[in-house]
Every structure is written in structure tokens, then in C-alpha cells.
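Observations on the three-dimensional arrangement
Now for the letters of each chain:
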Amino acid sequence: MLCIGAGKRATRFAAVLAALEDGSIFDPERSPCLLTSDEQRHITYNLRNLHERHPQTCKLVLLRLNDELAGEPQNLDPVDWTVEHILPQSPGRNGLWREWFPDNDERELLTQSLGNLVLVRRNQNDRASNQDFFRKKAIYFKHAQGDMPVITREISTFDTWTPDQVRAREERFIEIISRIWRLDLSAMRRGDDLEMARRRRRAV
């Protein structure tokens, strides 16, 4: 979730292995598993649009979230699943998506939100693309193959897909991520992001 390069990751994990061997892994002062305040800020920043920054990491985070929602590991092979944006990244100029998400800045921010993402098979992702919400649901569930991730299955209970629903789902996911990895993600405020996006648009 820090989205650091392979070299830095290798160095960090080497330190973790060394700490496992010498017993310092749980040391509250020098464990390499501890995150600095700067690292926590980086994670907070990256989670705002994690798929855009690093799709593979985003998929793995969603899989971990899925296991938590399921209450046990679903043992889903990452190779079999792709990340799908429910609100499309390029919605048509007409239709429900523009009606449900009329504000351009808000729509762009929420498109990349964790609350807008599900896990589907590649052929479903290709077929869903820019379809409307009801067509997407049909693609997700009508011809589902094998086990379906809980993180996707819960979408079957929704009759609409609105900004409030995306924000609520993101907030729930952030709470789970905070608990799993013991992170302070209280700085994630979509209202602040939206105001910054509007200021940038006005400046342009």
C-alpha cells in the first residue's frame, strides 16, 4: 500500500526476515513492521485511488477485505479475478450514471474510490465495461461461475448506486483496513478531496 519500488520492498522484507530470526520482530521501538507517521500518510494518500496507482496491489487489498467480509478465507486465486469499477471510468454522456453522479469532480473522485470497486472474472469485466448499473448486475450475477467473492455478492442487494452509497462503502472498507493493519486512516476525508478538485478545475 506504500506503492514503493521492488528494491525498497526487498530491503524492507529482508529486515523483517532478520527481525524474525533475532527475535526483534515485536520490539515496539525497532521492529521493521512498524510504520512511521510519514508512511501512514503515504498509505492514506494512496488508498484514495489505489487502483489507479497500483492495480495489482489494489486487487490484493480487495481480496484481503473480501476474506474479512466473508468471516474466513475464501481462498480465491488472484489470477482468476480482476478489479471492476461499478461506476465506470468513462460513463456515457447520457443515462443513469450521469443522473446519479451529476457533479463531474465528485464523479471522478468516487470512480477510483475503494467503495466503487468489486472483484469479477475477466470475461465479466470485459462485458460490464460502461454498461448501466442494472446491466452490470446481470453480468455479475446471472452467469456467475463458481464461488463469488462476498465483496461482489453484496452488490446484489442494491437497487441504485449513488455517491452516498459509494462513500458509505468506502468508509466501511477503510475501517476494516485500519483494524487489520493497525493504521490511522482518519485523514481520509472525501469532502476535502472534492473541494481540492474543484479548486484545481477553477484554476484551470
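Residues numbered from 1 in each chain as written. Predicted model: local features only at pLDDT ≥ 70, side-chain atom pairs only at ≥ 80, totals over all residues. Heavy atoms only, no water.

**Observations concerning the environment of Asp126**
The residue Asp126 is located in helix 7 (residues 122–128) in this model. Here the alpha-carbon distance between Asp126 and Glu84, two residues 42 residues apart in the chain, equals 9.2 Å. (Helix = DSSP H or I, 4+ residues; strand = E, 2+ residues; numbered from the N terminus.)

**Section: the pairing of strand 1 (residues 82–85)**
By the alternation rule, side chains of strand 1 split into Thr82 and Glu84 and Val83 and His85, which are all buried. Alignment of strand 1 against strand 2 (residues 117–120), held across 4 bridges, turns out to be antiparallel. Its bridge partner lying in strand 2, Glu84 is registered against Val118. (Buried < 20%, exposed > 50% of the residue type's maximum accessible area, 1.4 Å probe, protein only. Pairing = 2+ DSSP bridges.)

**What about the pattern of salt bridges?**
Summed over all chains, the structure comprises 10 salt bridges. Linking Arg12 and Glu39 is a salt bridge whose minimum nitrogen-to-oxygen distance equals 2.8 Å. In this pair, Arg12 is assigned in helix 1 (residues 6–22) and Glu39 in helix 2 (residues 37–46), connecting sequence segments 27 residues apart. Among the residues examined, Arg12 registers a relative accessible area of 24% and is labelled partly exposed. According to the relative accessible area criterion, Glu39 is buried, its value standing at 15%. Where Glu106 meets Arg167, a salt bridge forms, and the shortest distance between an N and an O atom there is 2.5 Å. Of the two residues, Glu106 sits in helix 6 (residues 104–111) while Arg167 sits in helix 10 (residues 163–181), which places them 61 residues apart along the sequence. Members of the salt-bridge network, linked through shared partners, are Arg64, Glu68 and Arg179. (Salt bridge = Lys/Arg side-chain N within 4 Å of Asp/Glu carboxyl O.)

**What to know about helix 6**
Across the 8 residues that make up helix 6, a large majority, 6, are buried. Residues of helix 6 that are buried: Asp105, Glu106, Arg107, Leu109, Leu110 and Thr111. The N-cap of helix 6, judged by a side-chain oxygen 3.0 Å from the amide nitrogen of Asp105 a few residues on, is Asp103. (Polar contact = N/O pair within 3.5 Å; in protein donor to acceptor, adjacent residues only side chain to side chain.)

**Notes on the nonpolar core**
Counting residues in hydrophobic clusters, the biggest one holds 23 residues, and the most contacted among them are Leu47, Leu62, Leu65, Leu114 and Ile177. Elements that contribute at least two residues to this core include exactly helix 4 (55–70), strand 2 and helix 10. Among the elements that make up this core, the one with the highest residue count is helix 4 (5 residues). Excluding residues that lie within four positions of it along the chain, Ile177 makes contacts with Met1, Leu47, Val61, Leu65, Leu114, Arg182, Leu183 and Leu185. Counting 15 residues, the second-largest nonpolar core is a separate cluster that includes Trp100, Leu110, Ala128 and Ile139. (Core = buried A, V, L, I, M, F, W, Y, C linked by side-chain atoms within 4.5 Å. Contact = heavy atoms within 4.5 Å.)

**A look at the packing of helix 4 against helix 10**
With their axes 11 Å apart at the nearest point, helix 4 and helix 10 run at an angle of 90 degrees to one another. The orientation of helix 4 relative to helix 10 falls into the category roughly perpendicular. On helix 10, the residues that touch Val61, Arg64, Leu65, Glu68 and Leu69 of helix 4 are Arg172, Phe173, Ile176, Ile177, Arg179, Ile180 and Trp181. Its residues assigned to classes, the contact of helix 4 with helix 10 shows 8 nonpolar, no polar and 4 charged. (Axes fitted to C-alpha atoms, helices over the stretch in contact; angles between N-to-C directions. Parallel < 35°, antiparallel > 145°, perpendicular 65-115°, else oblique. Nonpolar A, V, L, I, M, F, W, Y, C, P; charged D, E, K, R; others polar.)

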